[in-house]
Amino acid sequence: MKRVCVKAPINIALVKYWGKHDEVNVLPFNPSISLSLDLYETKTILQAKEAPGLEFTLNEQSDPKSEGKVRQFLSFFPFDETQQGLVIRSYNTGPTAAGLASSASAFAALAVACNQFFGEPYDFDTLASITKKGSGSAIRSLLGGCVEWDTQGRIHALDWPFDDVVLGVVVLVAGRKDIGSTEGMKHTIQTAPSYLTWVEKAHQDALAFKAALADQDFTKIGHISEANALAMHAVCEDANPPIQYLNKQSRALIQGIQSARKQGLFEAYCTMDAGPNIKLLHRAKDSIRLNEWLKTQGFPLAQISRIAEKGAHRCED
Ligand code: PMV
């Protein structure tokens, strides 16, 4: 029986995507820039079966919500559930739907696996434009390293000049988030008076980020990333009613990191997605000091992640 296995890394944006100007084609209002990370990944196995129908499991368990999304995604491929049998087993090594990019790695892995399984009906660019229909940010997990997703919906690999930069992931809450990103984005666009100010800022941030990459200026990259994440959360909080992804502990950690940085204890910068967890961009030489500090302050330790060089790729299972 035919079998395909694909792995894809998570990615964390340093310039965030927050809002689509075209819902059908999933085209973002602003460019975003991310790092693919090797801390968590999704492994997805597709296997043919005799009896027609789809069987889906996530981490060996049935998951009706994810199964619905997978079934919808399969409509882009030549698969007829009434005629063909398919088993999809997906494994997330990180927490699911907690603002830790599990849907990005999941849909990047699923897209590449489907393309391989169904005899490569799509070239890379077409597959990329389909991948983002599963989850916008998944398009960036197709590539490794530093990736830009532009407003026309294309992705580009950017030269990442630092081989010692890592991301520390501090998991404050591992459960599913209350307001998913799709819903959160829509609500922000519809009700936040400052939404267009966010879009403009994110454009400027993307340009400044690329200039800082060319200058190999880590400090600038750190400041742009932290300010951009705070701006994304500010526009969410400007919505009516406000969306609060950060909790009290997240805010205390952000403040603590900023003041430790000012005191010169270490150079780390915060970034946060649609959940309360915090990711800390820093150089590997600071990881031990950073974790010692987190411990003395009563926060969970950061799990240190290196940058994944490979995007979604076929693997042995
Ligand atoms: O791709 P989605 O719909 O899960 O949205 C991702 C949104 C953020 O994680 C908050 C930002 C980003 O660019 O990844």
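This write-up is about the structure you can find in this document.

Calculation criteria
- Residues numbered from 1 in each chain as written.
- Predicted model: local features only at pLDDT ≥ 70, side-chain atom pairs only at ≥ 80, totals over all residues.
- Heavy atoms only, no water.
- Disulfide = S-S within 2.5 Å.
- Axes fitted to C-alpha atoms, helices over the stretch in contact; angles between N-to-C directions.
- Helix = DSSP H or I, 4+ residues; strand = E, 2+ residues; numbered from the N terminus.
- Parallel < 35°, antiparallel > 145°, perpendicular 65-115°, else oblique.
- Left-handed = near helix turned anticlockwise from the far one by under 90°.
- Contact = heavy atoms within 4.5 Å.
- Nonpolar A, V, L, I, M, F, W, Y, C, P; charged D, E, K, R; others polar.
- Core = buried A, V, L, I, M, F, W, Y, C linked by side-chain atoms within 4.5 Å.
- Buried < 20%, exposed > 50% of the residue type's maximum accessible area, 1.4 Å probe, protein only.

## Overview of the state of the cysteines
Following the criterion strictly, the structure yields zero disulfides and no others. Of the cysteine sulfurs around Cys 114, a residue in no disulfide, the closest is that of Cys 5, at 13 Å.

## Concerning the packing of helix 6 (residues 218-237) against helix 7 (residues 248-262)
Working note: a packed helix pair is described by the angle between its axes plus the distance between those axes. Direction vectors running N to C along helix 6 and helix 7 enclose 150°, while the axes themselves pass 13 Å from each other. By the criterion of interaxial angle, the relationship of helix 6 to helix 7 is roughly antiparallel. The handedness of the crossing between helix 6 and helix 7 comes out as left-handed. Contacts between helix 6 and helix 7 involve His 223, Glu 226, Leu 230 and Glu 237 from the first element and Arg 251, Ile 254, Gln 258 and Arg 261 from the second. In the contact of helix 6 with helix 7, the residues fall into two nonpolar, two polar and four charged.

## A word on the nonpolar core
One finds Trp 18, Leu 74, Leu 86, Ile 88 and Trp 198 to be the most contacted residues of the largest nonpolar core, which totals 52 residues. Ranked by residues supplied to this core, first place goes to helix 2 (residues 102-117) with nine residues. For Trp 198, the residues in contact, after removing those within four places along its chain, are Lys 16, Trp 18, Asn 30, Asn 228, Ala 231, Met 232 and Val 235. Core analysis: the second largest hydrophobic core is formed by 27 residues, Phe 162, Val 171, Leu 213 and Leu 281 among them.

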